[in-house]
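# Report on the structure
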Amino acid sequence: MAATHSKNTKVYFNGRDFSSFLNEASEPTGSQGVAETTTFADSSKTFIPSLIDATYTLSGLFDGSANATDAVFSASLAADNDLIVLYEGDAEGNVGYATRGISTSYEITAPVEDIVSVSLSAQSTTGVERINVLEPLGEETSAGSSAELDSGAASANGASLWLQVMDVSGTFGGGEGLTVSVEHATSSGGAFSSLGDFTLVSTANQHQRVAVTGTVNQFLKATWTLDGSDTPTFSFFVGVCRK
């Protein structure tokens, strides 16, 4: 068994890499509800599964600048928020967790003999989604694709696709920007077809979750195209959760 140190953790929140701001991420905390089905004929209580629930908490350093923890966390109380936590670090194939949620509490703490800290708590609206990294966070200046991810077998219950776009530079007209797709195939090096597409992105700090249904083939990869002027550059991450 190989241990994993927390210093490798990466945290992406609403199209921002907050790894350098945060020092604790308890995500996701999932639970399975049950509904009682006990009748007079039973000698023990009986139950069936009901609804899955999930919450998360993020804690770290207060920073009042425009795109840092205070501005982003305080604004998150009125919006859908996408969180990705990668406990093994951000590398192709690594496991992490992703969730979309509603922030329920944001606290700032200022002890007299310590640093100012922040804490954000949220209620998930998608439940716990265990993802694999398809395309690690990195800068791209031209069309391309990730390495193939071999999932070991096909699955039949769809998937959730996750995109976080951190930084963007360049000039973009109508219909220009970054387009990212996830493709799948039955064999390595075989014919890949589209599994799902994200919407066009031309600004920074964007985040998307796309749900797809049906069969997901064994091999997966992310592909992207980008266009614009003044050397268009995008820094982004792609992950996938098989259902």
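Let me begin by describing the structure that accompanies this report. (Residues numbered from 1 in each chain as written. Predicted model: local features only at pLDDT ≥ 70, side-chain atom pairs only at ≥ 80, totals over all residues. Heavy atoms only, no water.)

## Considerations on the pairing of strand β15 (residues 229-242)
Quick reminder of the rule: Using a 1.4 Å probe on the protein chains alone, a residue whose accessible area is under 20% of its type maximum counts as buried, one over 50% counts as exposed, and one in between counts as partly exposed. Here a strand is any run of E in DSSP of at least two residues, a helix any run of H or I of at least four, and the numbering for each starts at the N terminus. Two strands qualify as a pair provided that DSSP identifies no fewer than 2 bridges between them.
Across the 14 residues of β15, ten count as buried, placing the element largely inside the fold. Taken together, the six bridges between strand β7 (residues 129-140) and β15 define a ladder with antiparallel strand orientation. Residue pairing for β15: Val 133 is matched across the bridge by Gly 239.

## Considerations on unusual backbone geometry
A positive phi angle, close to 60°, is found at Asn 205, a residue other than glycine. When you line up the elements, Asn 205 lands in the loop between β12 (193-197) and β13 (206-212). With a phi close to 60°, Asp 230 is a non-glycine residue in the positive phi region. As for its placement among the helices and strands, Asp 230 is situated in strand β15. With a relative accessible area of 57%, Asp 230 lands in the exposed category.

## Description of the layout of surface pockets
Where we set the bar: Throughout, the protein atoms alone are placed on a 1 Å grid, and a set of points is a cavity if a 1.4 Å probe fits but cannot get out or a pocket if it is open with protein on both sides within 12 Å along at least five of seven lines; lining residues have an atom within 4 Å of a point. Grid points are joined across faces, edges and corners, and a volume is the space filled by probe spheres set on the points. Any residue outside Ala, Val, Leu, Ile, Met, Phe, Trp, Tyr, Cys, Pro, Asp, Glu, Lys and Arg is labelled polar, Gly included; the first ten of those are nonpolar and the last four are charged.
In this model, the largest pocket occupies a volume close to 160 Å³. Around the largest pocket, the lining residues are Ser 6, Thr 9, Val 11, Ser 19, Leu 22, Asn 23, Glu 24, Ala 25 and Tyr 87. Per element, the largest residue contribution to the lining of the largest pocket is four residues, and it comes from strand β2 (residues 22-36). The residue makeup of the lining of the largest pocket, split by class, is four nonpolar, four polar and one charged.

## Notes on the pairing of strand β6 (residues 117-124)
Bridge analysis of strand β3 (residues 47-61) against β6 gives seven bridges, and the strand direction is antiparallel. Residue pairing for β6: Leu 58 is matched across the bridge by Leu 120. Sheet topology note: the strand β5 (residues 95-109)/β6 ladder contains eight bridges and is antiparallel. Paired with Gly 101 across the bridge in β6 is Ser 124.

## Brief notes about the nonpolar core
Inclusion rule: Residues grouped as a nonpolar core are buried Ala, Val, Leu, Ile, Met, Phe, Trp, Tyr and Cys residues, joined through side-chain atoms within 4.5 Å. By the convention used here, residues are in contact when the closest approach between their heavy atoms is within 4.5 Å.
In terms of nonpolar packing, the biggest core is built from 23 residues, with Leu 161, Phe 236 and Val 238 touching the most fellow members. Among the secondary structure elements, those contributing two or more residues to this core are β10 (159-171), β11 (178-185), β13, β14 (219-226) and β15. If sequence neighbours within four positions are ignored, Leu 161 has contacts with Val 182, Leu 195, Gly 196, Phe 198, Gln 208, Arg 209, Val 210, Val 212, Gly 239 and Val 240. Core analysis: the next-biggest nonpolar cluster, separate from the first, contains 17 residues, Phe 18, Ala 68, Phe 73 and Ala 122 among them.

## Description of the pattern of salt bridges
What counts here: A pair is scored as a salt bridge if a Lys or Arg side-chain nitrogen falls within 4 Å of a carboxyl oxygen belonging to Asp or Glu.
Going through the model one piece at a time under the given rule, you end up with three salt bridges. Residue Glu 129 is joined to Arg 209 by a salt bridge in which the shortest nitrogen-to-oxygen separation is 2.7 Å. One end of the pair, Glu 129, is in strand β7; the other, Arg 209, is in strand β13, and 80 residues separate them in sequence. Judged by its relative accessible area of 0%, Glu 129 falls in the buried class. Arg 209 gets classed as partly exposed once you look at its relative accessible area, which sits at 23%. For Glu 129, the salt bridge goes to Lys 243, with nearest N and O atoms at 2.5 Å.

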